[in-house]
Amino acid sequence: MDLKGRTAIITGASRGIGRATAIAIARAGADVVINYSSSEAQAASVKEQIEEFGGSAVIFKADVTDYRQCEAMVKYAIDHFNKIDILINNAGITRDNLLARMKAEEWREVIDTNLTGIYNCCRAILRPLLKQKNGGRIVNIASVAGIYGNSGQTNYAAAKGGVIAFTKSLAKELGSRNITVNAVAPGFIETEMTDTLSGKVKEEVLSRIALGRFGKPEDIADTVLFLASSASAYITGQIIVVDGSLSM
Amino acid sequence: MSVENKVKGIIADQLEVGIDKLTLDTTFEDIDADSLDIVELVMALEEEFDLEISDQEIENIKTVGDIVRYIESKV
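Since this is a predicted model, take the numbers as computed values, not measurements.

What am I meant to see in the sheet that holds strand 5 (residues 136–141) of chain A here?
Whether parallel or antiparallel, the strands of a sheet pair through hydrogen bonds between backbone atoms. All names here are of chain A. The strand order across the open sheet built from 7 strands is 3-2-1-4-5-6-7, with neighbouring strands paired in parallel fashion. On the outer flanks of this sheet lie strand 3 (56–61) and strand 7 (239–242), each paired with one strand and no other. Here the strands of the sheet are splayed against their neighbours by 20° on average, with no regard to which way each runs. Bridge analysis of strand 1 (residues 7–10) against strand 4 (residues 86–89) gives 3 bridges, and the strand direction is parallel. If you follow Ile9 over to strand 4, its bridge partner there is Leu87. Set on the sheet, helix 4 (residues 104–132) makes contact with strand 4, strand 5 and strand 6 (179–186); between it and strand 4 the angle comes to about 175°.

So this is what it looks like as structure tokens:
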């Protein structure tokens, strides 16, 4: 996969799947914008790691729930690297709770970051992307919870299900401009997000994974890289499940 | 350059049609422009003339003349 000469923005790239994705995209030769909202030191360490192997990266603080900050991020990317080609919408949070106890705030925060954040970033990138007339790649990080649902995650599953429907719709809107829009739906990936789950829950999940292990952020990064590259030129509006068989 | 000629130039450029094919009565249907073409055209016009065209106003745009008259009324 060669992404030399491309510019990519990866949201929520300071940790977890976003971090692994930023590194994979940079390793393929793209100039990357590492977006973060709070973990500045970790974002800086991603940049350092990329520069160690001769890659090119900048960091940019932006809260994806705020359209203006997304717009500023796209402008920063273009000012820095002269163009924009790839957007990886990865920024996401969980506020797990049974619906009977879920506060409006827990609902809203998850919808705002995981779903509205994708609207904001896509909307902000669209004008320059269309203007360049050179196609483009948008990859959204969904979740198997958005397909199959998950107890304790009505907010998260609703947002991710929304991301899936959004992905398909935007793919139809932009197909004629050679801009592909796809999503990756990870299963259980070992990150800080899943670290908080109890040992019992983890054991139960593991027993349902045919490949016999939890996913690594790199497993997702590799699939995102494929969807960001020219190798996936004829794929759009698709949701690729990467879960070791968990949802089967 | 007149607004009319500027607008025709932008349309010709954006939608890849011969400028000589454009009259004030040319409709966007005539030149096979789809809805995304119109959005891209509006973005280019907004930049060129430094104004904002609302969705409602976009809906009223049917011909090249509609755009020229709209922009003349704004600048």
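Having put the structure on the table, let's press on.
It is not clear to me how the nonpolar core should be interpreted in this structure. Could you clarify?
Across soluble globular proteins, nonpolar side chains have a tendency to be buried as a group. Core analysis: the largest hydrophobic core is formed by 35 residues, its most contacted members being A:Ile9, A:Val33, A:Met73, A:Leu87, A:Leu130, A:Ile138 and A:Leu174. Contributions of two or more residues to this core are made by strand 3, helix 3 (67–81), helix 4, helix 6 (154–174) and strand 6 of chain A together with helix 2 (35–49) of chain B. No other element matches the 8 residues that helix 4 of chain A contributes to this core. Apart from the residues within four sequence positions on either side, A:Leu174 is in contact with A:Leu126, A:Leu130, A:Ile138, A:Ile179, A:Val181 and B:Leu36. Judged by nonpolar contacts, the second largest core, of 30 residues, contains A:Leu3, A:Ile88, A:Val224 and A:Val242.

Just checking my understanding: could you explain the packing of aromatic side chains for this structure?
The description of an aromatic ring pair rests on the distance of the ring centres and on the angle between the ring planes. Residues and elements named next belong to chain A. One pass over the structure, following the stated rule, counts 2 aromatic pairs over all chains. Seen from their ring centres, Phe60 and Tyr76 are 4.9 Å apart, and the 40° between their planes marks the pair as tilted. Here the residue Phe60 occupies a position in strand 3, and Tyr76 occupies one in helix 3, the gap between them amounting to 16 residues. The exposure class assigned to Phe60 is buried, which follows from its relative accessible area of 15%. On the basis of relative accessibility, which here comes to 27%, the residue Tyr76 falls in the partly exposed class.

Calculation notes
- Each chain has its residues counted from 1, running along the sequence as written.
- Following the order in which they are written, the chains are lettered starting with A and the ligands numbered starting with 1.
- Predicted model: local features are reported for residues with pLDDT of at least 70 only, side-chain atom pairs are reported and counted for 80 or more only, and whole-chain, interface and lining totals are derived from all residues.
- As a rule here, side-chain values come from all non-hydrogen atoms in the structure, and water together with hydrogens is ignored.
- We treat two strands as partners when DSSP finds at least two bridges between them.
- Think of it this way: any DSSP run of H or I at least four residues long counts as a helix, any run of E at least two long counts as a strand, and we number them from the N terminus.
- Axis definition: a line fitted to C-alpha atoms, limited for helices to the stretch in contact. Angles are taken between N-to-C directions and run from 0 to 180 degrees.
- Contact criterion: two residues are considered in contact whenever any of their non-hydrogen atoms come within 4.5 Å of each other.
- Definition used in this section: a nonpolar core is a set of buried Ala, Val, Leu, Ile, Met, Phe, Trp, Tyr and Cys residues joined via side-chain atoms within 4.5 Å.
- The rule is simple: take the accessible area with a 1.4 Å probe, protein chains only, and divide by the maximum for that residue type; under 20% is buried, over 50% is exposed, in between is partly exposed.
- Any pair of Phe, Tyr and Trp rings, taking the six-membered ring for Trp, is counted once the centres come within 6.5 Å. Such a pair is stacked with planes under 30 degrees apart, edge-to-face with planes over 60 apart, and tilted for the rest.

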